[in-house]
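# Observations on the three-dimensional arrangement
Chain by chain, the residues run as shown.
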Protein chains: 2
Amino acid sequence: MSDKLYLTVFDAVVQRIVSGEYPPGLQLPNEFKLGQEFNVSQGTARKALIELEKKNIVQRRQGRGSFVTLQTPENSLFKFFRLRDENGNPVTPNLVNQTVLKRRATDKEQNTLYGKPKYVFDINRFRSFKNQPLSFENCVVSADLFPGLDSRGPLPNTLYVLFQQAYSIVVISAKDDITAEPLAKKPAEIMEMATGIPALVCRRKAFDILERVVELRTSIFVTKDMHYSVEM
Amino acid sequence: MSDKLYLTVFDAVVQRIVSGEYPPGLQLPNEFKLGQEFNVSQGTARKALIELEKKNIVQRRQGRGSFVTLQTPENSLFKFFRLRDENGNPVTPNLVNQTVLKRRATDKEQNTLYGKPKYVFDINRFRSFKNQPLSFENCVVSADLFPGLDSRGPLPNTLYVLFQQAYSIVVISAKDDITAEPLAKKPAEIMEMATGIPALVCRRKAFDILERVVELRTSIFVTKDMHYSVEM
C-alpha cells in the first residue's frame, strides 16, 4: 500500500472533524466504506484509521468501530493531569480560586501560540487537595481563538472540556517540560508556603487536532505525598 | 472477531520471544501466515499484531512487516532517558563513575522485584553533561535474574541494551514517579553540589516483555538548562 494514499483518507477525516461534519463521539464509516468512498483499498483505509487512532484523533472500540475522540471531564483529567497519590490513584484537585484577564501577548506567546494573537487570556488558578495547597497554574490562550472566555463566569476544573464544547477546539496531545525549581515568591504567597522550597514546574504546550499550539500552561506543584506519573 | 481468540496468538508470540525462538530483530510471519498457523482469521491475527505493537513488543515497519523489538543504545536512550536540552534535543550524559555491589534485598525490593530475590545488585552511577554534574542514579536488580552482573567490569551507559544482549531480558516499558525534593546529602556530595537545592527525583519501575518488574531505579537530576520531557 502506498504511503501517500492513506494520507488522503487521513487528511479528509481530520478536515471533516474540524469542519464539524464529524462531531465528537460520532462513529466513523468502517474501513470498507471509507475505502469505497475514497477509492482506495480496505487496507489503505485501515492504515488511515490506525494512524488516526495513534494520534488520538479517533478511538477504536473493540468490535464496534472507530469514533471521533470526545473529551470528557474524566478522560481529560486522567490523560492530561498526571498527578497521582502514593497508591497510583489520580489526585483530583479542588479549584480554590481563579482569575482571568485579557492582556497583550508577549513576543514569545505571539510566536508560539497558533494564529500569532495580539491579545491573550491569562488564567491563574490555585488548586488544593485534601485542604492542602497543591498547585498554582497559569494558562495562556489566544483571545482570537477563545472569544469571550473572560466573560463566561467561573471556568470548569477541566478547561479542555470547555475548549471542545464551547469552541470546538479539541486538545489531543500535550508536551510537558518538567523541572525542579525553588518555589517563586508569587505562587508561594498564594499557596501560603515558604519561598524557595523545591517545586515541580511543568511547562506545557497543548496541541489540537490540527497540531496547532492552542495553550501555554505553567503548573507549579508542591509534590508532597504525590508525584507526577509517566508511563513509557 | 472474538476478544479471546486474538489473545491465543498474542500469548504464543510472546512465549516464542521469551523462549528465544523469535530473537530480537526477527521478522514475524505476516498476518495471513500467522492466521493460518493458529487457525484464526487474518483479522484476528492482525488484531494480535496491533496489540503486540501497542505494547512495544513488536515494531511494525511500513510495507515491511512486524519485527521483534530490538533494544539499541540509541532507541534505549531516546525512549527511557527523557532529559532534553532547551532545544528539545536529547541530553546524552557521560558516565563519570559507577559502583556495583551485591547485597541482601530489602523487604520492599523483595516484594516488588520479579522472583522475590534474596540478593540484589545495587548499582550507583554518577553522570555528567558538558563537564557539569548531571545526575546520580541508583539501580537495583535481582541477583538471580542477572547472574555475574558485578563481575562484568564497567557497565555500558545504557543498561537495558546489556540486559537484552547478555541476559535476554527485554525492557519494553517503565513507569516513572516524579517529584521535586531537596537534594540529599550523599548525592550532593558526589555531585559536588549544595545539599537541599531543588532536585528532580524519578523513581522508576522497569517492566520486561512479560510485564515483570526487572529493575527499580531512582534517578536524581539537577535540571539546570534542561528538563524531563513528557509527551502525552
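In every chain, residue numbers begin from 1 and rise along the written sequence. Chain A is the first chain written and ligand 1 is the first ligand written, with later ones labelled in order. The model is predicted, so local features are restricted to residues of pLDDT at least 70 and side-chain atom pairs to those at 80 or more, both for listing and for counting; the totals for chains, interfaces and linings are taken over all residues. Computation of side-chain values: all heavy atoms of the structure, hydrogens and water removed.

In the nomenclature of an unreviewed UniProt entry, chain A corresponds to Transcriptional regulator from the organism Pseudovibrio japonicus.

### Examining the overall build of chain A
Secondary structure is summarised from DSSP: a helix means a run of H or I of at least four residues, a strand means a run of E of at least two, and numbering begins at the N terminus for each. When helices and strands are tallied, chain A shows 7 helices and 10 strands. If you line up chain A on its principal axes, its C-alpha atoms span 65 × 45 × 30 Å. Using a 1.4 Å probe on the protein chains alone, a residue whose accessible area is under 20% of its type maximum counts as buried, one over 50% counts as exposed, and one in between counts as partly exposed. The 232 residues of chain A split such that 51% are buried. Excluding contacts between residues fewer than 6 apart, the proportion of contacts in chain A whose partners are at least 24 apart in sequence is 58%. Total accessible area on chain A is roughly 11300 Å²; 50% of this is exposed by carbon and sulfur atoms. Across chain A, the centroid of the 32 positively charged side chains sits 2 Å from that of the 26 negatively charged ones. Contacts are assigned to residue pairs with any non-hydrogen atoms lying within 4.5 Å of each other. In these tables, accessible area is a Shrake-Rupley quantity obtained with a 1.4 Å probe, and a residue counts as shielded only by the protein chains included in the view. In summary, the charge assignment counts Lys and Arg as positive and Asp and Glu as negative, without counting His or the chain termini. Charged groups are reduced to one reference atom each: NZ for lysine, CZ for arginine, CG for aspartic acid, CD for glutamic acid.

### Observations regarding the environment of Lys 205 of chain A
All names here are of chain A. The topology assignment puts Lys 205 in strand β8 (residues 198-208). According to the relative accessible area criterion, Lys 205 is partly exposed, its value standing at 37%. Considered as a pair, Lys 205 and Ser 173 are 32 residues apart in the sequence and their alpha carbons are 8.7 Å apart.

### Observations regarding unusual backbone geometry
All names here are of chain A. Unlike most non-glycine residues, Lys 116 shows phi in positive territory, near 45 degrees. Lys 116 sits in the exposed class, given a relative accessible area of 52%. Here Asp 225, not a glycine, exhibits a phi torsion of approximately 60 degrees, which is positive. With respect to the helices and strands, Asp 225 occurs in the loop between β9 (213-221) and β10 (226-231).

### Examining the packing of helix α2 (residues 31-38) of chain A against helix α3 (residues 42-54) of chain A
All names here are of chain A. Where α2 contacts α3, the axes come no closer than 8 Å and their chain directions differ by 110 degrees. In terms of orientation, α2 and α3 fall into the roughly perpendicular class. The handedness of the crossing between α2 and α3 is right-handed. On the side of α2, the interface is formed by Glu 31, Phe 32, Leu 34 and Gly 35, while α3 contributes Gln 42, Ala 45, Arg 46 and Leu 49. The residue makeup of the contact of α2 with α3, split by class, is 4 nonpolar, 2 polar and 2 charged. In this analysis, axes come from line fits to C-alpha atoms, helices being fitted only over the stretch in contact, and the angle between any two N-to-C directions falls in the range 0 to 180 degrees. The scheme is simple: roughly parallel for angles under 35 degrees, roughly antiparallel for over 145, roughly perpendicular for 65 to 115, oblique for anything else. Two helices crossing with the near one rotated counterclockwise from the far one by less than a right angle form a left-handed crossing, whereas a clockwise rotation gives a right-handed crossing. Only Asp, Glu, Lys and Arg are considered charged in this grouping, and only Ala, Val, Leu, Ile, Met, Phe, Trp, Tyr, Cys and Pro are considered nonpolar; every other residue, Gly among them, is considered polar.

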